[in-house]
Amino acid sequence: MTIDEIYIKRCIQLAKNGLGTTYPNPLVGSVIVHQGKIIGEGWHYQAGEPHAEVHAINSVKDTSLLIDATIYVSLEPCSHYGKTPPCCDLIIAKGIKKVVIGTIDPFAKVSGTGIQRLINAGCDVKIGILEKECQELNKRFLTYHNHKRPYVILKWAETADGFIAPKKRSERAPAWITNTYSRQLVHKWRAEEQSILVGNQTVIQDNPKLTIRDWSGIHPIRISIDLHHKIPKDSKILDQQVKTMIVTTQKNSLINATNLLYEFTDPTPNIADKLCNILHTHTIQSILVEGGTQTIQSFIDLNLWDEARVFKGTTYFKAGIKAPVIKGTLISEEKIIDDHLKKYRND
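Thresholds applied
Residues numbered from 1 in each chain as written. Predicted model: local features only at pLDDT ≥ 70, side-chain atom pairs only at ≥ 80, totals over all residues. Heavy atoms only, no water. UniProt positions renumbered as here; feature names shortened; annotations may be inferred. Pairing = 2+ DSSP bridges. Helix = DSSP H or I, 4+ residues; strand = E, 2+ residues; numbered from the N terminus. Axes fitted to C-alpha atoms, helices over the stretch in contact; angles between N-to-C directions. 1 Å grid on protein atoms, 1.4 Å probe; cavity = no way out; pocket = protein on both sides within 12 Å on 5 of 7 lines; lining within 4 Å. Points joined across faces, edges and corners; volume = space filled by probe spheres on them. Phe/Tyr/Trp six-rings, centres within 6.5 Å; stacked < 30°, edge-to-face > 60°. Buried < 20%, exposed > 50% of the residue type's maximum accessible area, 1.4 Å probe, protein only. Lys NZ or Arg CZ within 6 Å of the ring centre and 35° of its normal. Salt bridge = Lys/Arg side-chain N within 4 Å of Asp/Glu carboxyl O. Core = buried A, V, L, I, M, F, W, Y, C linked by side-chain atoms within 4.5 Å. Contact = heavy atoms within 4.5 Å. Nonpolar A, V, L, I, M, F, W, Y, C, P; charged D, E, K, R; others polar.

- Under the annotation held in an unreviewed UniProt entry, the protein chain carries the name Riboflavin biosynthesis protein RibD and is attributed to Aquimarina addita.
- According to the UniProt record, the Function (unreviewed entry) comment for the protein chain is "Converts 2,5-diamino-6-(ribosylamino)-4(3h)-pyrimidinone 5'-phosphate into 5-amino-6-(ribosylamino)-2,4(1h,3h)-pyrimidinedione 5'-phosphate."

Here you go:
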């Protein structure tokens with residue numbers, strides 16, 4: 001690994017601290033190096049707050065060193081005025097002459113203009129250091145801007161005999177398949193994604209809260225597909241405690257509230273595609289699809305998914321609703337006590 005790669009790798013590590021809090025902005029980390037020593041570090045904490053380069057520069061105690069320093073950043077410095085000033089202008093103003101960048105920003109208002117402005121100011125700019133790793137870091141941001149849809153993660157738990165739910169329920173509550181450690185991990189995942197989706201049958205049968213009670217962070221936007229307005233009014237996802245969106249074809253008697261939004265769509269079979277279009281208009285960059293089988297299958301059938309995370313527990317239902325079948329590249333597997341977790345990527 002080269003020196004440049006070592007410092008970009010550190011940028012990636014720093015950037016990951018912002019996972020779940022920077023939406024709709026990307027994850028970015030920055031490191032400032034002088035004569036082989038890191039003199040400043042930073043990452044983007046939250047949308048509306050200073051960017052990674054600003055935090056890194058502000059953390060340098062002796063700013064006279066900046067003129068002979070190199071700034072490393074995992075994503076191209078911004079060149080436009082948003083909620084904060086352009087980072088490339090700050091780099092130029094501080095006299096930093098060497099800039100090393102992981103990957104280009106796909107956002108139309110940046111996309112190469114930050115790099116060009118740095119070059120025009122006389123900076124020595126290197127691009128494409130650990131580019132694949134930097135793109136993987138911002139797979140949600142890149143998917144949203146390049147494919148005009150959110151990054152889709154499918155998640156389900158199935159029994160040892162391949163069922164996702166029992167045939168009958170004795171009460172309106174989840175039939176747990178995984179252990180408490182696996183369930184806590186799912187809450188961590190919820191905190192990392194911008195939204196979470198279940199179909200109306202899951203709401204009707206399980207009455208889930210879809211929050212992050214077992215983790216800390218920002219609750220994802222709760223979403224459910226309820227085309228014919230069947231979700232009971234006492235359902236927990238309608239409690240307005242967390243921002244919630246219901247996608248439906250029924251307009252009668254549905255009133256938007258502070259934390260409850262109804263989005264209307266045509267009754268077409270490609271509901272997963274329709275939903276992704278709706279979420280794109282709301283600048284939602286990622287969605288964790290938690291069920292049920294019909295909802296998950298709708299994304300699989302359209303090949304509209306990026307990752308799948310599948311738990312297999314030790315429970316046996318012997319009968320019930322069969323788990324979805326997915327074809328993808330297995331990228332990892334691990335044991336969580338007695339649960340088996342496999343992760344797939346759609347190549």
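## Brief notes about the sheet that holds strand β9 (residues 221-225)
Item 1. With mixed pairing, the nine strands of this open sheet are ordered in space as β11-β10-β9-β8-β12-β6-β13-β16-β15. At either end of the open sheet lies a strand with only one pairing partner, and these are β11 (260-264) and β15 (329-336). Across the sheet, the mean angle from the axis of one strand to that of its neighbour is 20°, orientation sign disregarded.

## A short note on the layout of surface pockets
Item 1. Of the pockets and cavities examined, the largest pocket occupies roughly 1,100 Å³.
Item 2. Along the wall of the largest pocket there are 46 residues; nearest its centre are T202, D206, E290, G291 and G292.
Item 3. Secondary structure elements with two or more residues in the lining of the largest pocket: β6 (151-158), β7 (163-166), α7 (180-192), β8 (195-199), α8 (200-206), β12 (286-291) and α10 (293-301).

## Quick look at the pairing of β15
Item 1. Strand direction decides the pairing type here: β15 and strand β16 (residues 339-345), joined by seven bridges, are antiparallel. What sits directly across from I336, in β16, is D339.
Item 2. Between the end of β15 and the start of β16, which pair antiparallel, lie two residues, with I337 showing a positive phi angle near 55°.

## A word on the packing of aromatic side chains
Item 1. Enumeration over the complete set of coordinates arrives at three aromatic pairs.
Item 2. Each ring, one from Y7 and one from Y72, has its centre 5.0 Å from the other, and the planes form 50°; the classification is tilted. Pair noted here: Y7 is in helix α1 (residues 3-15) and Y72 is in strand β3 (residues 70-75), with a separation of 65 residues, a long-range link. Y72 shares its class with Y7; the two are buried.
Item 3. The aromatic ring of F163 is capped on one face by K322, whose charged end is 4.7 Å from the ring centroid.

## Quick look at the pattern of salt bridges
Item 1. Counted by the stated rule, this structure contains 14 salt bridges.
Item 2. We note a salt bridge from R10 to E41, for which the minimum N-O separation is 2.8 Å. Of this pair, R10 sits in helix α1 while E41 sits in strand β2 (residues 37-43); the two residues are 31 residues apart in sequence, bridging distant segments of the chain.
Item 3. A salt bridge links K188 to E192; the nearest nitrogen and oxygen atoms lie 2.6 Å apart. You can see K188 and its partner E192 sitting in helix α7, four residues apart, about one turn around the helix.
Item 4. Take K188: its relative accessible area is 27%, and that puts it in the partly exposed class.
Item 5. For E192, a relative accessible area of 14% gives the class buried.
Item 6. In the salt-bridge network here, residues are joined through shared partners; they are E136, K139, E307, R309 and R345.

## Notes on the nonpolar core
Across soluble globular proteins, nonpolar side chains show a tendency to be buried alongside one another.
Item 1. Counting residues in hydrophobic clusters, the biggest one holds 31 residues, and the most contacted among them are L154, I223, L275 and F299.
Item 2. Taken together, the elements giving at least two residues each to this core come down to β6, β7, β9, β10 (244-248), α9 (271-281), β12, α10 and β13 (307-312).
Item 3. It is α9 that contributes the most residues to this core, six residues altogether.
Item 4. If near-sequence neighbours (up to four positions away) are discounted, I223 is found in contact with S195, I196, L197, V198, M245, V247, L275, L279 and I287.

## Things to note about the side chain of Q285
Item 1. Within the secondary structure, Q285 sits in the loop between α9 and β12.
Item 2. Judged by its relative accessible area of 2%, Q285 falls in the buried class.
Item 3. Look past the residues within four positions of Q285 in its chain and what remains in contact with it is Y23, P24, N25, R140, F141, Y144, P150, Y151 and Q194.

## A look at empty space enclosed by the protein
Item 1. Summed over the entire model, instances satisfying the criterion amount to one cavity of 30 Å³ or more.
Item 2. Taken as a whole, the largest cavity holds about 70 Å³ of empty space.
Item 3. In terms of lining residues, the largest cavity is bounded by L19, G20, T22, Y23, N25, P26, L27, L137, N138, R140, F141 and Q285.
Item 4. Of the residues belonging to the lining of the largest cavity, the class tally is six nonpolar, five polar and one charged.

## Quick look at helix α6 (residues 139-147)
Item 1. With seven of nine residues buried, α6 lies mostly within the body of the structure.
Item 2. Of the residues making up α6, those classed as buried are K139, R140, F141, L142, T143, Y144 and H145.
Item 3. Of the residues trailing α6, K148 is marked for its positive phi of about 60°.

## What about the environment of V203?
Item 1. Positionally, V203 belongs in helix α8.
Item 2. Its relative accessible area of 0% is what places V203 among the buried residues.
Item 3. Expressed as a C-alpha distance, the spacing of V203 and S224, which sit 21 residues apart in the sequence, is 8.0 Å.

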